[in-house]
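Summary of structural features
Listed below are the residues making up each chain.
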Amino acid sequence: MTAERYNARESEPRWQATWDQKAIFASKNDDPRPKYYVLEMFPYPSGRIHIGHVRNYTLGDVLARFMRARGFNVLHPMGWDAFGLPAENAAIERKVAPKAWTYDNIAAMKKQLRSIGLSLDWSREFATCDPSYYKHQQKMFLDMLGAGLAEREKRKLNWDPVDMTVLANEQVIDGRGWRSGAVVEQREMSQWVFKITKYSQELLEALDGLDRWPDKVRLMQRNWIGRSEGLLIRFALDAATTPAGETELKIFTTRPDTLFGAKFMAISADHPLAQAAAAKNPKLAEFIADIKKIGTAQSIIDTAEKQGFDTGIKAVHPFDPSWKLPVYVANFVLMEYGTGAIFGCPAHDQRDLDFVNKYNLGNVPVVCPEGQDPKTFVITDVAYDGDGRMINSRFLDGMTIDAAKEEVAKRLESELRGNAPVGERQVNFRLRDWGISRQRYWGCPIPVIHCPKCDVVPVPDDQLPVTLPEDVSFDKPGNALDHHPTWKHVSCPKCGGKAVRETDTMDTFVDSSWYFARFTDPWNETAPTTPAVANRMMPVDQYIGGVEHAILHLLYSRFFTRAMKATGHIDMSEPFAGMFTQGMVVHETYQKADGSWVTPAEVKIEVGGNGRRAVLLATGEDVEIGPIEKMSKSKKNTVDPDDIIASYGADVARWFMLSDSPPDRDVIWSDERVQGAARFVQRLWRLVNESAEIGKAAPAARPATFGPEAQALRKAAHGALDKVSSGIERLHFNVCLAHIREFANALAEVLAKGDKPAPDVAWAVKEAATILVQLFSPMMPHLAEECWVVLGQRGLVSEADWPQIERDLLVEDSVTLVVQVNGKKRGDVTVPRTAQNAEIEAAVLALDAVKAALDGKPVRKVIVVPMRIVNVVG
Ligand code: ANZ
Ligand code: ZN
């Protein structure tokens, strides 16, 4: 019999509605079974799902469905990371209110997400812009303020002098304001920061325990935290050259061993000594103003050309009072790191070398690599930062780098100037406190009030949430919250006098630093979490998301969880036990002769004798096939999930996305391969229908014994079950899919043999088809439900228990042994697992290769190493 074609368009919405009605994916907090928390990074409601989302959520969904079938109480929630600048831009460009824009987008995207068939618990849904969410965030901010984890700090901000407003880094384009085009200045202002640096050491050390995180992500975090051990050294300043009041320059170095290779000192433009020197030197003041324009972004500083200005000030070498070093103001020294001052050793630091080569200051190598002659070792353009022995370094000569570091530290620690030691060991971290103030409207209001008399006053708990006003206008540049005529004017909660609200809102990274904890009990109206519940449902067992969030989002979440612990909202430190970073979806690019890009939907690919060729559907003109790249709007190489689902169904999209590459690698979207996935869906459908037909003839009870054919099929089924089960646990989905295909082939072979199989075979076919459907149900849940019905199974496959593996079917019947003649490998032999030595010997001696190797010589002995080797001694 031939079944009708499987019709995804008809089937998929029907099953989605059924799952919904029965609420089978809602997890209950009082469920006694062990919990398993699967979470994909929640989306920003931009308006449309992109194909990267489909991949991300499908990966999580396979795991969630699998763990549910394995008997876990699976928590798999979804929400919206809903604050941020695009909503304000939409308000400016299209005159729609940020709130309306955001919630409309959420509605549209939720519909799209549903069409993918994800097993999500929508009962826990929230958006971070819901006052019922950010109310708790405000409460936690106040708790952190009380615990000394939130503070005010002076920070430099981008200031647009024309629009008279602070700009976010992304609003500064080539040093100019995005709206005014004015050259942006740096201004110091009081900002709110979270004291993440209190946890620098702990955040670093705890990375070792995150053994289900990718190594590369842990490394990125390690580098970001940037711990370095070094020495603070107080250089005396030569009084004759130094502005009054200044006597010494404190530097931080990780290479005190290189002190005898010092050629210059350099200080940041913001260093007090630079300011003092500039007061008397207009040229220097001008230089400082100039280099400050490039801003403070690390990436800019790293790539900008090294520039310096000699202040005329001289510093004295700590080991030689007659040795004077020039002090420069340099654009590559940051005030925010160490002491904002360094000594430069050009031979062993590339940046310093570039600097001296520009200003003709020369260099002296002080570390000589093993095997090099110190007399001829010179440095010209490339600094040497490797290992070696000290040279040109007086009392350090001949020492290793480590020994020299130790010697310098010891000597300078015990040398006093004034009452303080000249040198002091110090551990520095690159990690800075987290500045959370944003001068934006569409964010979580920071719940404090500024009173001229009482200073900063927290908003009392019973006045939370501080909600955003909705009647805002974006006519003026800057923060709409600040411009609002009435919102910020309040009376002080402490003294009752006139006061103003804080108009800064929180960085949206705050919103995403605890949403995973909120999902455990989003119904709690009085507190951010219900600790007993959060402690049971957290940590997230498997978190899945893009590697672009490997540093900030994950680090902030790790910090915030610790802050929640310190303030009593949860009792653990690490939010994500397992982390997985998925690859991107990439696609070919297509370009017309005039250089303009065209979308994949506009072209037709023709495969002919001389390869693939692309033509424009509309005109038939040739289109150039360009490189495969990350999908982007600018190159138009995107595919729309809605289109894919409309033409193929969600299951095909899911299957294709899982099948073509390991989940952590990029996957190339290819229409040809998607069509392949669509054909496979129909093939499975036919297989299951045919199997169901044969299954009707199967005995109800399991046969007592199975013949070879039935046995072989059962082995294939349970083998696939075993491999797919362990593969899903490790997120090796592409491998799982390959096993499913292989198993489907094995079943197809049995079906191809004819219509009337023996009862044991019919029983095995029915069993195999049932297992097959369950195996692909996490990947193609709609097709699986439809097949489940065809097989006459009761209930939903989404609710069925994962099949039991019969372990004895996994044991191979035969073993393959290596065959040696006089110790040399000559081939191998496959014998029944139960074969006795005599049987094995006979099989080995009958081999042509063995006969040839013996070359007529008599056999003296045959040694059988069970399950491994047979050695024939001749
Ligand atoms: C002398 C020296 C010689 C250095 C040498 C390096 C190599 P990490 O590992 O990142 O801690 N440094 C210190 N403070 C700085 C600042 N505010 N801005 C720019 N650079 C600064 O790096 C520590 C090294 O970075 C320090 O060691 C210092 O240069 C520089 F062959 O001192 B070093
Ligand atoms: Zn007051």
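Anything mentioned here points back to the structure above.
We now turn to the structure provided with this report. Just so we're clear, the structure is a prediction, and the values are computed from it rather than from any experiment.

**Brief notes about the overall build of the protein chain**
When its secondary structure is counted, the protein chain shows 26 helices and 37 strands. Over its C-alpha atoms, taken along the principal directions, the protein chain stretches across nearly 105 × 85 × 65 Å. Contacts spanning at least 24 positions in sequence make up 71% of the contacts within the protein chain whose residues lie at least 6 apart. Looking at the protein chain as shown, the accessible area adds up to about 39400 Å², and 51% of this sits on carbon and sulfur atoms. Each charge sign in the protein chain was given a centre, from 106 positive and 115 negative side chains, and these centres are 1 Å apart.

**Details of the nonpolar core**
Among the nonpolar cores identified, the biggest contains 175 residues, and Phe141, Phe194, Tyr515, Trp669, Ile728, Phe776 and Met779 are the most heavily contacted of them. Of the residues forming this core, the biggest block, twelve residues, is contributed by helix H23 (residues 759–776). Contact partners of Phe194, with chain neighbours within four places excluded, come to Phe141, Met144, Leu149, Ala150, Asp433, Trp434, Ile436, Val510, Phe559 and Phe560. Core analysis: the second largest hydrophobic core is formed by 41 residues, Leu259, Phe260, Met265 and Ala341 among them.

**A short note on the packing of helix H22 (residues 733–751) against H23**
The contact between H22 and H23 brings their axes to 11 Å, and the two run at 155 degrees. Taken together, the axes of H22 and H23 are roughly antiparallel relative to one another. The two elements H22 and H23 meet at a crossing, and its hand is left-handed. Between H22, through Ile740, Phe743, Ala744, Leu747, Val750 and Leu751, and H23, the contact on the second element is made entirely by Val761, Val765, Ala768, Ala769, Ile771, Leu772, Leu775 and Phe776.

**Things to note about unusual backbone geometry**
Cis geometry is found at the peptide bond from Leu464 to Pro465, where omega equals 0 degrees. When you line up the elements, Pro465 lands in the loop between strand E22 (455–458) and helix H13 (480–483). For the peptide bond that leads from Met538 to Pro539, omega is -5 degrees, which places it in the cis range. Topologically, Pro539 is positioned in the loop between helix H16 (531–537) and strand E26 (542–546). Of note, the phi angle at Lys95 is positive, near 60 degrees, even though the residue is not glycine. Secondary-structure assignment places Lys95 in the loop between helix H3 (85–94) and helix H4 (98–115). Residue Lys95 is classed as exposed on the basis of its relative accessible area of 66%. One non-glycine residue with positive phi stands out, namely Asn822, at about 50 degrees. For Asn822, the position within the fold is in the loop between strand E34 (814–821) and strand E35 (824–832). With relative accessibility at 44%, the residue Asn822 sits in the partly exposed group.

**A word on the packing of helix H2 (residues 51–69) against helix H19 (residues 650–659)**
How two helices pack is summed up by the angle between their axes together with the distance between the axes. Packing of H2 against H19 brings their axes to within 10 Å, and their N-to-C directions diverge by 85 degrees. Put simply, H2 runs roughly perpendicular to H19. Here H2 contributes Ile51, Val54, Arg55, Thr58, Leu59, Asp61, Val62 and Arg65 to the contact with H19, which in turn contributes Arg654, Met657 and Leu658.

**Observations concerning the packing of aromatic side chains**
Given two aromatic rings, one states the distance between the centres and the angle between the planes to describe the pair. Enumeration over the complete set of coordinates arrives at 42 aromatic pairs. Judged by centre distance (6.0 Å) and plane angle (65 degrees), the ring pair of Phe194 and Phe560 falls under edge-to-face. Taken together, the residues span a long stretch of sequence, with Phe194 in strand E7 (residues 185–194) and Phe560 in helix H17 (residues 552–566) at a distance of 366 residues. Across the pair, Phe560 and Phe194 agree in class, each one buried. Cluster of aromatic residues (ring-pair linked, three or more members): Phe42, Phe126, Tyr133, Trp514, Tyr515, Phe516, Phe519, Tyr543 and Phe576. Positioned over the ring face of Trp19 is Arg65, at 4.6 Å from the centre of the ring. Positioned above the aromatic ring of Trp487 is the side chain of Arg501, whose terminal nitrogen or guanidinium carbon lies 5.4 Å from the ring centre.

**Digging into H17**
Within an α-helix, residues lying three or four positions from one another point in the same direction, as the helix has 3.6 residues per turn. Between its first and last C-alpha atoms H17 spans 21 Å; for 15 residues at 1.5 Å apiece the expected length is 21 Å, and the two agree. Summarising burial for H17: twelve of the 15 residues are buried, a large majority. For H17, the complete set of buried residues consists of His553, Leu554, Leu555, Tyr556, Ser557, Arg558, Phe559, Phe560, Thr561, Arg562, Ala563 and Met564. Of the residues trailing H17, Gly568 is marked for its positive phi of about 85 degrees.

**A word on the coordination of the zinc ion (ligand 2)**
Taken together, the protein ligands of the zinc ion (ligand 2) are Cys451 (SG), Cys454 (SG), Cys492 (SG) and Cys495 (SG), with distances of 2.1 to 2.4 Å. When the donor residues of the zinc ion (ligand 2) are listed from N- to C-terminus, their spacing reads C-x2-C-x37-C-x2-C. Of this pair, Cys451 sits in strand E21 (residues 448–451) while Cys492 sits in the loop between strand E23 (489–491) and strand E24 (498–501), placing them 41 residues apart in sequence. Residue class for Cys492 comes out buried when judged on its relative accessible area of 4%.

**Describing the site of ligand 1**
The full set close to ligand 1 counts 17 residues, and Ser228, Thr253, Thr254, Leu334 and Tyr337 are the nearest of them. At a separation of 3.1 Å, an oxygen atom of ligand 1 approaches a polar backbone atom of Thr254. When contributions to the shell around ligand 1 are tallied by element, the ones reaching two or more residues are strand E9 (248–253) and strand E13 (341–344). Tallied by class, residues from the shell around ligand 1 come to eight nonpolar, six polar and three charged.

Conventions we followed
- Residues numbered from 1 in each chain as written.
- Chains lettered and ligands numbered in written order.
- Predicted model: local features only at pLDDT ≥ 70, side-chain atom pairs only at ≥ 80, totals over all residues.
- Heavy atoms only, no water.
- Helix = DSSP H or I, 4+ residues; strand = E, 2+ residues; numbered from the N terminus.
- Contact = heavy atoms within 4.5 Å.
- Areas by Shrake-Rupley, 256 points an atom, 1.4 Å probe, with all protein chains shown as cover.
- Lys, Arg positive; Asp, Glu negative; His and termini not counted.
- Charge placed at Lys NZ, Arg CZ, Asp CG, Glu CD.
- Core = buried A, V, L, I, M, F, W, Y, C linked by side-chain atoms within 4.5 Å.
- Buried < 20%, exposed > 50% of the residue type's maximum accessible area, 1.4 Å probe, protein only.
- Axes fitted to C-alpha atoms, helices over the stretch in contact; angles between N-to-C directions.
- Parallel < 35°, antiparallel > 145°, perpendicular 65-115°, else oblique.
- Left-handed = near helix turned anticlockwise from the far one by under 90°.
- Phe/Tyr/Trp six-rings, centres within 6.5 Å; stacked < 30°, edge-to-face > 60°.
- Lys NZ or Arg CZ within 6 Å of the ring centre and 35° of its normal.
- Expected span 1.5 Å × (residues − 1).
- Donors = N, O, S within 2.8 Å, 3.2 Å for Na, K, Ca; no water.
- Near = heavy atom within 4 Å.
- Polar contact = N/O pair within 3.5 Å; in protein donor to acceptor, adjacent residues only side chain to side chain.
- Nonpolar A, V, L, I, M, F, W, Y, C, P; charged D, E, K, R; others polar.

Remember that the coordinates give geometry; whether it matters functionally is a separate question.
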